Amino acid sequence: MFKKLDDVESRFNELSQLLADPNVTSQPKQYTSYMKEYSSLGELVASYKEYKKIKAEHDATKKMMETEKDPTLQEMAKEELPQLEKNLKTLEEALKFHLLPKDPNDDKNILVEIRSGAGGDEAALFVESLFTMYSKYALKNNWSVEIMSMGAGNMGGFKEVIFGIRGNKVYSKMKYESGVHRVQRVPKTETQGRIHTSTVTVAVLPEVEEVDININQTDLKIDVFRSGGPGGQSVNTTDSAVRVTHVPSGVVVVCQDEKSQIKNKAKALKILYARLYDAEITRQQNALSTQRKSQIGTGDRSERIRTYNFPQGRVTDHRIGLTLYQIDKIISGDLDELISPLITHYQSEALKSQ
C-alpha cells in the first residue's frame, strides 16, 4: 500500500510542476486534464502527508518511552503512545478507502428516471414527492436540475419524470438511489383514512455523450410529431415533439416538453445515450461473479431498497438495515444521513475483496 502511496505523491508533485509550466498552461485541454487529475489526488496526498507526520511522532514517542531515562518523560511518552497508535490506525483505514479502484462514472452528471409502480394515483403522487426530494438535495449540494421529460398523473403527480442533475461528483453520491422505493401513508385520494402501500422505481444513469458510447447513426430512427398536452401556444400546432428509436435494441425515447424540436431532439438523444450506456454496464456486471456484483453496489432496480413510512415517521434502507425516524427531514432533501452510510457500506464491501 505504501509503495502505491509514494507513487501517488510523486505523481502529485509532478503534476504541480506541470501546471506551472507555460507550455502546459498555453494548451487548455492538456491543462484541464492535468488540473482534474491533480484535484482528484489532492485529498489522498494530504491524508498521506498527515499519516507520515503522525507516524514520525509515533516512532519518536515510542523510542523515547524505550530509551528515556527520566521517569517523568518516559511516563509522558507512555501516555501519548496509545492516542498516536489510534490516530495511525484511523488514517491507515482512510488511506485504504482512498486507494480503492475508482468508479469511472463517479465524476459524471446523471439522469434520474422515476416511474410509478404499484399503487395507481398514489404512486404517481409519490413520484412527485421523490422528484421534489432529490431536487432539494441537489440544491443543498449546489447542483443544478433540468427536467428532461414528464408525464402527468390522473390525480396529480407524475406517472414518470426524467431529469438531469449536474454538479460536482453527482453520480458518486446518487448512484445508490436506484431501485424500488416503497411508501406507506394515507393518500390524499383516501377518504376513510386508510394507509396505502405504493411503489415507485428510481433509475440513476450516468450522463454520457455520443463519444462515450459507440452508436451507429444509421441505427437511429428519428420521428417528429405534434406535441400533446394541456394548453400552450405551441402545443398541437408545430411538429416539435421528437421520438428517437435505437433500432437494434428497441430502446425508444420521446421528448415533447420543449417548444423547440432541436431542444427536444437533444434531450431525447441524451436520454438514449445514457440508457444504452447503462445497458452495456449492466451486461458487463451480469458477467461478473455474484460476490463481485454485490460489491459494485450500483443498485439493482428490481430490488426494494427503501421504505418511507409516514404514520411512524420512519425511513428504512433495507440494504444496510438502517432506520431513521426523520422522514420530514429526508423528504425535504436532507439525504446525507442515508447516503453517507451507504457509501461507507459499499466501500467496506469492496475492501474485503482487496
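What this report covers is the structure whose coordinates are included nearby. Throughout, residues of each chain are indexed from 1 in the direction in which the sequence is written. Where totals are concerned, whole chains, interfaces and linings use all residues; where local detail is concerned, this predicted model gives features only for residues with pLDDT of at least 70, and gives and counts side-chain atom pairs only at 80 or more. For side-chain calculations, the full set of non-hydrogen atoms in the structure is used, while hydrogens and water are omitted.

## Some points on the overall build of the protein chain
Turning to step 1, where the next piece is worked out: Helix and strand assignments follow DSSP, with helices taken as H or I runs no shorter than four residues and strands as E runs no shorter than two, numbered in order from the N terminus. Looking only at helices and strands, the protein chain has 10 helices and 11 strands in total.
Turning to step 2, where the next piece is worked out: Burial status across the protein chain gives 38% buried among its 354 residues.
Turning to step 3, where the next piece is worked out: Throughout, a contact is declared for two residues whenever any of their heavy atoms are within 4.5 Å. In the protein chain, 60% of the contacts between residues at least 6 apart in sequence involve partners at least 24 apart.
Turning to step 4, where the next piece is worked out: Surface accessibility follows the Shrake-Rupley procedure with a 1.4 Å probe radius. Residue values consider only the protein chains on display as shielding. Summed over all atoms, the accessible surface of the protein chain reaches about 19400 Å², with 50% contributed by carbon and sulfur. Think of it in three bands: residues with accessible area under 20% of the maximum for their type are buried, residues over 50% are exposed, and the middle band is partly exposed, with areas taken using a 1.4 Å probe on protein chains only.

## Overview of the pairing of strand E1 (residues 110–116)
Turning to step 1, where the next piece is worked out: Counted residue by residue, E1 has 5 buried out of 7 residues, so it is predominantly covered.
Turning to step 2, where the next piece is worked out: Bridge count for E1 against strand E3 (residues 158–166) is 6 bridges, and the pairing is antiparallel. Within the sheet, the bridge partner assigned to Glu113 lies in E3 and is Ile162. If DSSP finds at least two bridges between two strands, the strands pair.

## As for the pairing of strand E8 (residues 251–255)
Turning to step 1, where the next piece is worked out: Here strand E7 (residues 241–246) runs beside E8; their pairing, made up of 5 bridges, is antiparallel. By the bridge assignment for E8, His246 is matched with Val251.
Turning to step 2, where the next piece is worked out: Connecting the antiparallel pair E7 and E8 is a turn made up of 4 residues, with Gly250 showing a positive phi of about 80°.

## Some points on the sheet that holds E3
Turning to step 1, where the next piece is worked out: The 8 strands lie next to each other as E2-E3-E1-E5-E4-E9-E10-E11, forming an open sheet whose pairing is mixed. The open sheet has two edge strands with one neighbour each: strand E2 (144–152) and strand E11 (322–324). The sheet shows a mean angle of 15° between the axes of neighbouring strands, taken without regard to direction.
Turning to step 2, where the next piece is worked out: The sheet contact formed by strand E9 (residues 304–309) and strand E10 (residues 314–317) spans 4 bridges and is antiparallel. By the bridge assignment for E10, Arg306 is matched with Asp317.
Turning to step 3, where the next piece is worked out: For every element, the axis is a line fit to its C-alpha atoms; helices are fit only across the contacting stretch, and the angle between N-to-C directions ranges from 0 to 180 degrees. Sitting on the sheet, helix H5 (residues 121–140) touches E1, E2, E3, strand E4 (179–185), strand E5 (196–206) and E9, and the angle it makes with E3 is about 10°.

## Observations regarding the pattern of salt bridges
Close approach of charged atoms allows side chains with opposite charge to pair.
Turning to step 1, where the next piece is worked out: Whenever a carboxyl oxygen of Asp or Glu lies within 4 Å of a side-chain nitrogen of Lys or Arg, that contact is scored as a salt bridge. The final tally for this structure, using the stated rule, is 19 salt bridges.
Turning to step 2, where the next piece is worked out: We note a salt bridge from Lys140 to Asp334, for which the minimum N-O separation is 3.2 Å. Note that Lys140 is positioned in helix H5 and Asp334 in the loop between helix H9 (327–331) and helix H10 (336–352), a separation of 194 residues in sequence.
Turning to step 3, where the next piece is worked out: Taking the shortest distance from any N to any O, the salt bridge between Arg166 and Glu207 comes out at 2.8 Å. With Arg166 in strand E3 and Glu207 in the loop between E5 and strand E6 (220–225), this pair connects stretches of sequence that are 41 residues apart.
Turning to step 4, where the next piece is worked out: Accessibility expressed as a relative area gives 38% for Arg166, which makes it partly exposed.
Turning to step 5, where the next piece is worked out: Taken together, the shared-partner salt bridges connect Glu113, Arg115, Glu160 and Arg275 into one network.

## Quick notes on the packing of aromatic side chains
What describes a pair of aromatic rings is the distance from one ring centre to the other and the angle between the planes of the rings.
Turning to step 1, where the next piece is worked out: Note on aromatic contacts: the rings of Phe and Tyr and the six-membered ring of Trp form a pair at centre separations within 6.5 Å, being stacked when their planes are under 30 degrees apart, edge-to-face when over 60 apart, and tilted otherwise. Applying the stated rule across the entire model yields 7 aromatic pairs.
Turning to step 2, where the next piece is worked out: Geometrically, the ring pair formed by Phe131 and Phe158 is edge-to-face, given 6.1 Å between the ring centres and 85° between the ring planes. Taken together, the residues Phe131 in helix H5 and Phe158 in strand E3 connect sequence positions 27 residues apart. The exposure classification of Phe131 matches that of Phe158, with both residues buried.
Turning to step 3, where the next piece is worked out: Taking the centre distance of 5.6 Å and the plane angle of 90° together, the rings of Tyr137 and Trp143 count as edge-to-face.
Turning to step 4, where the next piece is worked out: Classification of Tyr137 by relative accessible area gives buried; the value is 1%.
Turning to step 5, where the next piece is worked out: The class for Trp143 is buried, based on a relative accessible area of 8%.
Turning to step 6, where the next piece is worked out: Counting every residue linked through ring pairs, the aromatic cluster contains Phe131, Phe158 and Phe163.

## Let's talk about helix H3 (residues 28–67)
Turning to step 1, where the next piece is worked out: Expected helix span is computed as 1.5 Å times (number of residues minus one). Taking 1.5 Å per residue as the helical rise, H3 with its 40 residues ought to reach 58 Å, and the 56 Å between its terminal C-alpha atoms agrees with that figure.
Turning to step 2, where the next piece is worked out: Given a residue, its bend is the angle between the two axes fitted to the seven residues that end at it and to the seven that start from it. Gly42 marks the point of greatest bend in H3, at about 40°.
Turning to step 3, where the next piece is worked out: Regarding H3, the residues found buried are Tyr34, Leu41, Leu44, Val45, Ser47, Tyr48, Tyr51, Ile54, His58 and Thr61.
Turning to step 4, where the next piece is worked out: Looking at the packing, one finds that the buried side of H3 touches helix H1 (2–18), helix H2 (22–25) and helix H4 (71–98).

## What to know about unusual backbone geometry
Of all residues except glycine, most have a negative phi; of all peptide bonds, most are trans.
Turning to step 1, where the next piece is worked out: One non-glycine residue, Asn142, adopts positive backbone phi at about 60°.
Turning to step 2, where the next piece is worked out: Here Asn142 is to be found in the loop between H5 and E2.
Turning to step 3, where the next piece is worked out: Positioned with a positive phi, Lys169 is a non-glycine residue whose angle comes to about 50°.
Turning to step 4, where the next piece is worked out: Turning to its location among the elements, Lys169 is positioned in the loop between E3 and helix H6 (170–174).
Turning to step 5, where the next piece is worked out: On the basis of relative accessible area, Lys169 is assigned to the partly exposed category, the value being 35%.

## Points about the environment of Val186
Turning to step 1, where the next piece is worked out: One can find Val186 in the loop between E4 and E5.
Turning to step 2, where the next piece is worked out: Taking the C-alpha atoms as reference points, Val186 and His196, separated by 10 residues in sequence, lie 5.9 Å from one another.
Turning to step 3, where the next piece is worked out: Residues contacting Val186, with those up to four places away along its chain left out, are Gly193, Arg194 and Ile195.

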